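# Structural features, examined
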Amino acid sequence: MQNLLPEPPATLLPADAEADKALAEAAAAGSVEAVKAVAAKFPAYSAVWAPLATDALAAGEPVTAYAYARTGYHRGLDALRRNGWKGHGPVPWAHEPNRGFLRCLHALSQAAAQIGEADEAARCAQFLRDSDPAAADALS
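As the structure is a computational prediction, the values presented were derived from the model and not from experiment.

Rules of the game
- Residues numbered from 1 in each chain as written.
- Predicted model: local features only at pLDDT ≥ 70, side-chain atom pairs only at ≥ 80, totals over all residues.
- Heavy atoms only, no water.
- Helix = DSSP H or I, 4+ residues; strand = E, 2+ residues; numbered from the N terminus.
- Rg over C-alpha atoms; globule rule 2.2 N^0.38 Å.
- Buried < 20%, exposed > 50% of the residue type's maximum accessible area, 1.4 Å probe, protein only.
- Contact = heavy atoms within 4.5 Å.
- Areas by Shrake-Rupley, 256 points an atom, 1.4 Å probe, with all protein chains shown as cover.
- Lys, Arg positive; Asp, Glu negative; His and termini not counted.
- Charge placed at Lys NZ, Arg CZ, Asp CG, Glu CD.
- Phe/Tyr/Trp six-rings, centres within 6.5 Å; stacked < 30°, edge-to-face > 60°.
- Core = buried A, V, L, I, M, F, W, Y, C linked by side-chain atoms within 4.5 Å.

## Considerations on the overall build of the chain
- Each helix and strand in the chain was counted, giving 7 helices and 0 strands.
- Each helix and strand of the chain, ordered N terminal to C terminal, gives the series α-α-α-α-α-α-α.
- The C-alpha atoms of the chain give 15 Å as radius of gyration, which agrees with the globular expectation for 140 residues (14 Å, within 12%).
- Principal-axis analysis of the C-alpha atoms gives the chain an extent of 55 × 35 × 20 Å.
- Looking at the chain as a whole, 41% of its 140 residues qualify as buried.
- Of all intrachain contacts in the chain linking residues separated by at least 6 positions in sequence, the fraction that spans at least 24 positions is 63%.
- If you sum the accessible surface of the chain, you get close to 7,600 Å²; carbon and sulfur atoms cover 56% of it.
- When the 12 positive and 16 negative side-chain charges of the chain are each reduced to one mean point, those points stand 5 Å apart.

Rendered as structure tokens:
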């Protein structure tokens with residue numbers, strides 16, 4: 001059967017040049033504290049929460065990773081909604097400003113799995129794949 005309903009348009013988050021630059025500088029410094037300072041200055045910027053979550057996962061701190069990833073995920077949902085997202089539809093990985101949200105969603109799935117939240121882990125993994133299969137492939 002052919003789906004006669006149109007797919008919703010892709011949601012493309014706007015770039016934040018100031019936050020991008022601050023995060024790049026913090027990452028280049030190699031300091032978690034510098035990244036945390038960027039998070040404090042730009043708390044609505046999902047891209048800053050993703051490296052904090054992945055670093056916490058790598059350090060064996062899944063509860064901390066869960067908190068960072070959930071923060072970035074929710075801030076990303078807020079941004080998506082402000083930019084026309086209606087709760088479904090593509091969030092393309094190829095659009096660089098979307099990657100912070102998608103990386104947080106992936107980290108949230110991983111952290112949830114590590115703390116025994118299997119349903120949450122599966123839901124987040126499916127949400128990532130539904131947002132853009134390329135994101136799921138790139139992050140796996």
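## A few points about the packing of aromatic side chains
- Under the counting rule described, the total for this entry stands at 5 aromatic pairs.
- Geometrically, the ring pair formed by W49 and Y68 is tilted, given 6.0 Å between the ring centres and 35° between the ring planes. With W49 in helix α3 (residues 46–58) and Y68 in helix α4 (residues 62–82), this pair connects stretches of sequence that are 19 residues apart. An identical accessibility class is assigned to W49 and Y68; each is buried.
- Here Y73 and F101 contribute two aromatic rings whose centre-to-centre distance is 6.0 Å and whose plane-to-plane angle is 20°, an arrangement assigned as stacked. Residue Y73 is found in helix α4, and its partner F101 is found in helix α5 (residues 99–114); the two are separated by 28 residues along the sequence. Each of the two residues, Y73 as well as F101, counts as buried.
- A network of ring pairs unites the aromatic residues Y73, W85, F101 and F127 as a single cluster.

## Looking at the nonpolar core
- Ranked by internal contacts, the top residues of the largest apolar core, which has 43 residues, are V48 and F101.
- Elements represented by at least two residues in this core include exactly α1 (17–29), α2 (32–41), α3, α4, α5, α6 (118–131) and α7 (133–139).
- With near-sequence residues (within four places) excluded, V48 lies in contact with L23, V35, V38, A39 and F42.

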